[in-house]
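Residue-level listing of the chains:
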Amino acid sequence: MSPRRKFVAGNWKMHTTIAEGRELARAIRAQLEGVEGVRIAVIPPFTSVAAVAEVLRSSRIEVGGQDLHWEEKGAFTGEVSGPMLRDAGASLVLVGHSERRQYFGETDESANRKVRAALATGLSPVLCVGETLAERDGGRTLEVVGRQVREGLAGLTPDELGRVCIAYEPVWAIGTGRTAAPEQAQEVHAAVRSILRELGGNVADAIPILYGGSVKPDNAPALLALPDVDGALVGGASLKASSFSAIVRAAI
Ligand code: PGA
């Protein structure tokens, strides 16, 4: 038996108005009433975090932010800080999502600063890593993912490492309908786990490594059954309460 409880998080990306976010959160809460043994989170856009947290208050479903700035406050127009996310009701935050890396200049260095800022604020950072298709075809998957993990987590104490989650999301599988084959996912997850062991010793066995990239109710059971896959980071399928709930149930 894995020592890790499964964790399923829904990344709503740039979807949902406040009213839509409330409605989706209400429907997810209703469908997952009484479901135990799995950690669950929804990650709405910033504008809906507080409203969604309100709907989910006193439920077991956590709320997260999709990004954060590493400073607590200051002249950083357009940015949102860890303390602001906490204030809005978030308990976790995505860091280094591939869409941030691809379109908004996120680097391993900025991801590292954000991971540290999240930890300092008491948010659980979910560090996202993953290779592009060209990197996979070039045989560089483990090198790229390994670098993203090492640099993203650089300088953390074992205690801090114990509060981090990793999400492995092959860039070619995000939003494309293509999913990594179970053996491809397991190979990378196992490699990430061994890097975590190097960095944090025994703590590594407790760190959840989620898989992301076109996770759907039909492919979730096979992925979630893999020994080093501790959950799922779900994009598209998390925007419907029924499909998100089905994925959560597949994790039990
Ligand atoms: P997807 O997105 O499930 O729509 O592929 C996953 C993610 O980007 O977190």
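Scroll up to find the structure.
### Observations concerning the overall build of the chain
Along the chain, the regular secondary structure elements total 11 helices and 8 strands. Counting only C-alpha atoms and orienting by the principal axes, one finds that the chain spans roughly 45 × 45 × 35 Å. Relative to its 252 residues, the chain shows a buried fraction of 54%. Of the accessible surface of the chain, which amounts to about 11000 Å², a share of 52% is contributed by carbon and sulfur atoms. Separation between the mean location of the 28 positive side-chain charges and that of the 30 negative ones in the chain comes to 4 Å.

### What about the packing of aromatic side chains?
Taken as a whole and judged by the stated rule, the model has 2 aromatic pairs. Taking 6.3 Å as the distance between ring centres and 85° as the angle between the ring planes, the aromatic pair formed by Y103 and F104 counts as edge-to-face. Geometrically, the ring pair formed by Y168 and Y211 is edge-to-face, given 6.2 Å between the ring centres and 65° between the ring planes. With Y168 in strand β6 (residues 165-168) and Y211 in strand β7 (residues 209-212), this pair connects stretches of sequence that are 43 residues apart. We classify Y168 as buried; its relative accessible area is 0%. What makes Y211 buried here is its relative accessible area of 1%.

### Focus: helix α5 (residues 108-121)
Helix length check: α5, at 14 residues, gives a terminal C-alpha distance of 20 Å against a target of 20 Å (1.5 Å per residue), a fit within 8%. In terms of burial, α5 is largely enclosed, as 10 of its 14 residues are buried. By the burial criterion, the buried members of α5 are D108, S110, A111, N112, K114, V115, A117, A118, L119 and T121. Against α3 (82-88), β4 (92-95), α4 (98-103), β5 (124-129), α7 (141-152) and α8 (158-161) lie the buried residues of α5. Just downstream of α5, G122 is the residue with a positive phi angle, here 90°.

### Regarding the site of the ligand
Near the ligand there are 13 residues, and of these K13, H97, E169, G175 and S214 occur at the shortest range. Here an oxygen atom of the ligand sits 2.7 Å away from a polar atom, N or O, in the main chain of S214. Here G235 contributes a backbone N or O atom positioned 2.8 Å from an oxygen atom of the ligand. Protein contact buries 96% of the 290 Å² of open area that the ligand shows by itself. For the shell around the ligand, the residue count by class is 4 nonpolar, 7 polar and 2 charged.

### Some points on the packing of helix α1 (residues 18-31) against helix α2 (residues 46-55)
Orientation of α1 relative to α2, taken along the N-to-C sense of each, is 35°, at an axis distance of 9 Å. Helix-helix and strand crossings are classified by hand; for α1 and α2 the assignment is right-handed. On the side of α1, the interface is formed by I18, G21, R22, A25, R26 and R29, while α2 contributes T47, S48, A51, V52 and V55. For the contact of α1 with α2, the residue count by class is 5 nonpolar, 3 polar and 3 charged.

### Concerning the pattern of salt bridges
The final tally for this structure, using the stated rule, is 16 salt bridges. Across the pair D228 and R4 runs a salt bridge, and its minimum N-O distance is 4.0 Å. Taken together, the residues D228 in the loop between α10 (220-224) and β8 (231-234) and R4 in the segment before β1 (6-11) connect sequence positions 224 residues apart. Accessibility expressed as a relative area gives 13% for D228, which makes it buried. R4 sits in the buried class, given a relative accessible area of 11%. Across the pair D228 and R193 runs a salt bridge, and its minimum N-O distance is 3.0 Å. Linking D228 in the loop between α10 and β8 with R193 in helix α9 (residues 182-200), this pair joins segments that are 35 residues apart in sequence. For R193, a relative accessible area of 2% gives the class buried.

Calculation notes
- Residues numbered from 1 in each chain as written.
- Predicted model: local features only at pLDDT ≥ 70, side-chain atom pairs only at ≥ 80, totals over all residues.
- Heavy atoms only, no water.
- Helix = DSSP H or I, 4+ residues; strand = E, 2+ residues; numbered from the N terminus.
- Buried < 20%, exposed > 50% of the residue type's maximum accessible area, 1.4 Å probe, protein only.
- Areas by Shrake-Rupley, 256 points an atom, 1.4 Å probe, with all protein chains shown as cover.
- Lys, Arg positive; Asp, Glu negative; His and termini not counted.
- Charge placed at Lys NZ, Arg CZ, Asp CG, Glu CD.
- Phe/Tyr/Trp six-rings, centres within 6.5 Å; stacked < 30°, edge-to-face > 60°.
- Expected span 1.5 Å × (residues − 1).
- Contact = heavy atoms within 4.5 Å.
- Near = heavy atom within 4 Å.
- Polar contact = N/O pair within 3.5 Å; in protein donor to acceptor, adjacent residues only side chain to side chain.
- Nonpolar A, V, L, I, M, F, W, Y, C, P; charged D, E, K, R; others polar.
- Axes fitted to C-alpha atoms, helices over the stretch in contact; angles between N-to-C directions.
- Left-handed = near helix turned anticlockwise from the far one by under 90°.
- Salt bridge = Lys/Arg side-chain N within 4 Å of Asp/Glu carboxyl O.

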